[in-house]
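One-letter residues, chain by chain:
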Amino acid sequence: TRQGGVSKDHLASLNIGFSRGDSRENVLSNYTILGEVLGFTPDQVAATRQTHSDIVRTVTAKDMGRGITRSPFPECDALVTADEGVVLVVFSADCTPILLHDPVTGIVGAAHAGWRGTAADIAGKTVAAMAALGADPANIHAAIGPNIGQCCFETQSDVPEAMVKVLGGQAEEFIASRSYYVDLKGVNKALLERAGVRNVEVSRLCTCCREDLFWSYRRNGDKRGSQGALIQCRREAKV
């Protein structure tokens, strides 16, 4: 959430985005705060340089710190890794964060799915990238985090049309008839299931509704910080 950090004013307080106008010292302090709770240091983190693409990149231990303490990755909106200790982070402020974990191999993935990324099936492509590293989609556990909910995501016809293109007639159940209100969580869950993922948990929280917990691009525009979703590869989790 946006709570518990050191950033001030409209960035208060756990902003983890370097491009929001915050000081580098504040952002690194916020990563340190997160790391003390979750068990990592900022130099273990690999972050995306998000452009609403469907590009997935594979991260190794040599990439730790990219986007945080050293130069970022080229354009991509999802990361996967099989290397012990690597922390993957994706950023959001209404888009859908997706975290993936294979408890058998320890392989993990993280995806940022805006509506364009959703329509390009970045969820399924992230699963495929994990499979290329040795994960079985049937073993993967997925968590779909807070995003702009169907309650607030009113769109033009281009968004529903894009969802129908990627998901076919099944997309209709995720599009409300009152104007166009699209359930991006539902679409991404369906795409993960189509990719073979059997275990998908979905947050009910809406970033636009919950100003106390989240920044929202639709609500705040550019005067906001960035929250994110993080996942770490821990081989000791192997079963």
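The text that follows walks through the structure, step by step, so that each part is easy to find. Treat the numbers as computed from the prediction; the structure is a model and nothing was measured.

**Let's talk about the sheet that holds strand β6 (residues 108-113)**
With mixed pairing, 6 strands are arranged side by side in an open sheet as β2-β3-β6-β5-β7-β10. Looking along the sheet, the strands with just one partner apiece sit at the ends: β2 (56-59) and β10 (199-202). Averaged over all neighbouring strand pairs, the angle between strand axes comes to 15°, with direction disregarded. The pairing of strand β5 (residues 96-101) with β6 spans 6 bridges and is classified as antiparallel. Residue pairing for β6: L99 is matched across the bridge by A110.

**Re the pattern of salt bridges**
All chains considered together, the criterion is met by 7 salt bridges. For D54, the salt bridge goes to K125, with nearest N and O atoms at 2.4 Å. Within this pair, whereas D54 is found in the loop between β1 (45-47) and β2, its partner K125 is found in helix α3 (residues 122-133), the two being separated by 71 residues in sequence. The exposure class assigned to D54 is partly exposed, which follows from its relative accessible area of 30%.

**Looking at unusual backbone geometry**
Omega for the peptide link from A12 to S13 comes to -5°, which places this bond in the cis form. Secondary-structure assignment places S13 in the segment before α1 (24-38). Although it is not a glycine, D9 adopts a positive phi angle of roughly 60°. In this fold, D9 is placed in the segment before α1. Residue D9 is classed as exposed on the basis of its relative accessible area, which comes to 69%.

**Describing the packing of aromatic side chains**
For the structure on display, the rule yields 1 aromatic pair. Judged by centre distance (6.2 Å) and plane angle (15°), the ring pair of F18 and Y31 falls under stacked. With F18 in the segment before α1 and Y31 in helix α1, this pair connects stretches of sequence that are 13 residues apart. On the accessibility criterion, F18 (26% relative accessible area) is partly exposed.

**Regarding the layout of surface pockets**
By volume, the largest pocket is sized at about 820 Å³. If you trace the largest pocket, you find 33 residues lining it, with Q50, H52, C95, H112 and R224 closest to the centre. At the level of secondary structure, the elements contributing two or more residues to the lining of the largest pocket comprise β4 (87-92), α2 (115-119), α4 (158-167) and α6 (217-220). Among the residues making up the lining of the largest pocket, the classes are represented as 13 nonpolar, 12 polar and 8 charged. The computed volume of the second largest pocket comes to approximately 170 Å³. Lining the second largest pocket are 10 residues, with L38, L230, I231, Q232 and R234 sitting closest to its centre. A per-element tally of the lining of the second largest pocket places strand β11 (residues 227-232) first, with 3 residues. The class makeup of the residues in the lining of the second largest pocket is 6 nonpolar, 3 polar and 1 charged.

Rules and cut-offs
- Residues numbered from 1 in each chain as written.
- Predicted model: local features only at pLDDT ≥ 70, side-chain atom pairs only at ≥ 80, totals over all residues.
- Heavy atoms only, no water.
- Pairing = 2+ DSSP bridges.
- Helix = DSSP H or I, 4+ residues; strand = E, 2+ residues; numbered from the N terminus.
- Axes fitted to C-alpha atoms, helices over the stretch in contact; angles between N-to-C directions.
- Salt bridge = Lys/Arg side-chain N within 4 Å of Asp/Glu carboxyl O.
- Buried < 20%, exposed > 50% of the residue type's maximum accessible area, 1.4 Å probe, protein only.
- Phe/Tyr/Trp six-rings, centres within 6.5 Å; stacked < 30°, edge-to-face > 60°.
- 1 Å grid on protein atoms, 1.4 Å probe; cavity = no way out; pocket = protein on both sides within 12 Å on 5 of 7 lines; lining within 4 Å.
- Points joined across faces, edges and corners; volume = space filled by probe spheres on them.
- Nonpolar A, V, L, I, M, F, W, Y, C, P; charged D, E, K, R; others polar.

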